[in-house]
Amino acid sequence: MTKKFIVLEGPDGTGKTTIIERLKEELCPAKFTFVKDPGGTKIGDQIRKILLDKNNRSISDLTELLLFMASRAQLVKEMIEPNLKQRHVISDRFTLSTLTYQAEMAKYGDLAQIVNFGLNRQPDLILLLDAPPHLTRKRIKARDLDRIETKSVSYFEKVRARYFVHCKRYNVKLFDAALPIDNVYSQVFESVAQITKI
């Protein structure tokens, strides 16, 4: 069976990290590899620190976009492509996050083409966790927020709207992350099991 590349997407506060940790506990390591975007490699982790550092508020929009792309290129080459030869790969975010969060960068051209430059891999399935920003902001308020998480509620309202637009363009399955986490996890696990035939 062809190995599947599955991506979990959604704003912080939708339970994405919790669900991924539970999938790691339940799914066989011999059959599944988990990765994180940005990050997931030595180079990618260094780039991630730059991107999320609250002291880097002066980072330009173009620099931010290119750093996300650089981290992802390394992740695909070093982790995703090699592992897909033997295992299913589940990623915490991928290109859809960039298309959504950096949407204003479309001023440089076709953003989908820019974001996918040099990548030979697209997800077989995207699982999108959705919840209104007032709820996600409430869920993460006790955290030490990173540079992106500190942005305004209006910014995340725009992010949510963009995710909905992309749902119509890509192979995206939408989940109501305002529901109790156990309910959401069960639905996500069922989708993963269905596509990987576990």
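Residues numbered from 1 in each chain as written. Predicted model: local features only at pLDDT ≥ 70, side-chain atom pairs only at ≥ 80, totals over all residues. Heavy atoms only, no water.

Caption draft 1: Molecular detail of the overall build of the chain. Helix and strand counts for the chain stand at eight helices and five strands. Shown N-terminal to C-terminal, the secondary structure of the chain runs as helices and strands in the order β-α-β-α-α-β-α-α-β-α-α-β-α. At 16 Å, the chain has a C-alpha radius of gyration in line with the 16 Å of a compact globule built from 198 residues. The principal-axis extents of the C-alpha atoms in the chain amount to approximately 45 × 40 × 30 Å. Expressed as a percentage of the 198 residues in the chain, the buried residues total 47%. Long-range pairs, those at least 24 residues apart, make up 80% of the contacts in the chain between residues at least 6 apart in sequence. Accessible area of the chain: about 10200 Å², with a carbon and sulfur share of 52%. For the chain, the distance from the average site of its 33 positive side-chain charges to the average site of its 24 negative ones is 1 Å. (Helix = DSSP H or I, 4+ residues; strand = E, 2+ residues; numbered from the N terminus. Rg over C-alpha atoms; globule rule 2.2 N^0.38 Å. Buried < 20%, exposed > 50% of the residue type's maximum accessible area, 1.4 Å probe, protein only. Contact = heavy atoms within 4.5 Å. Areas by Shrake-Rupley, 256 points an atom, 1.4 Å probe, with all protein chains shown as cover. Lys, Arg positive; Asp, Glu negative; His and termini not counted. Charge placed at Lys NZ, Arg CZ, Asp CG, Glu CD.)

Caption draft 2: Expanded view of the pattern of salt bridges. Scanning the entire structure with this criterion turns up eleven salt bridges. Between R93 and D12 there is a salt bridge, with the nearest N and O atoms lying 3.9 Å from each other. One end of the pair, R93, is in the loop between strand 3 (88-92) and helix 4 (95-101); the other, D12, is in the loop between strand 1 (5-9) and helix 1 (16-26), with 81 residues separating them in the sequence. Each of E9, D12 and R93 takes part in a single network of salt bridges with overlapping partners. (Salt bridge = Lys/Arg side-chain N within 4 Å of Asp/Glu carboxyl O.)

Caption draft 3: Quick peek at the pairing of strand 1. Burial of strand 1 is extensive: five of the five residues sit out of reach of the surface. Burial along strand 1 is two-sided: the residues F5, V7 and E9 and I6 and L8 are all buried. The sheet contact formed by strand 1 and strand 3 spans four bridges and is parallel. Looking at the pairing, I6 lines up with I90 of strand 3. Bridge count for strand 1 against strand 4 (residues 125-130) is four bridges, and the pairing is parallel. Bridge pairing in strand 4 places V7 opposite I126. (Pairing = 2+ DSSP bridges.)

Caption draft 4: Just the sheet that holds strand 3, in detail. Taking strand neighbours across the sheet as the criterion, the five strands line up as 2-3-1-4-5 in an open arrangement whose pairing is parallel. One side of each edge strand has no neighbouring strand; the edge strands of this open sheet are strand 2 (32-36) and strand 5 (172-176). Taking each pair of neighbouring strands and ignoring which way they run, the sheet shows an average axis angle of 20°. Together, strand 1, strand 2 and strand 3 form the strand contacts of helix 3 (residues 61-84), whose direction differs from that of strand 2 by roughly 165°. (Axes fitted to C-alpha atoms, helices over the stretch in contact; angles between N-to-C directions.)

Caption draft 5: A look at helix 2 (residues 42-52). Every buried residue of helix 2 is listed here: G44, I47, L51 and L52. The buried residues of helix 2 occupy an angular sector of 120° when the element is viewed end-on, so they sit on one face. Facing away from the buried surface of helix 2 by more than 90 degrees, the exposed residues are K42 and K49. On its buried face, helix 2 sits against helix 3. (Arc of directions from axis to C-beta.)

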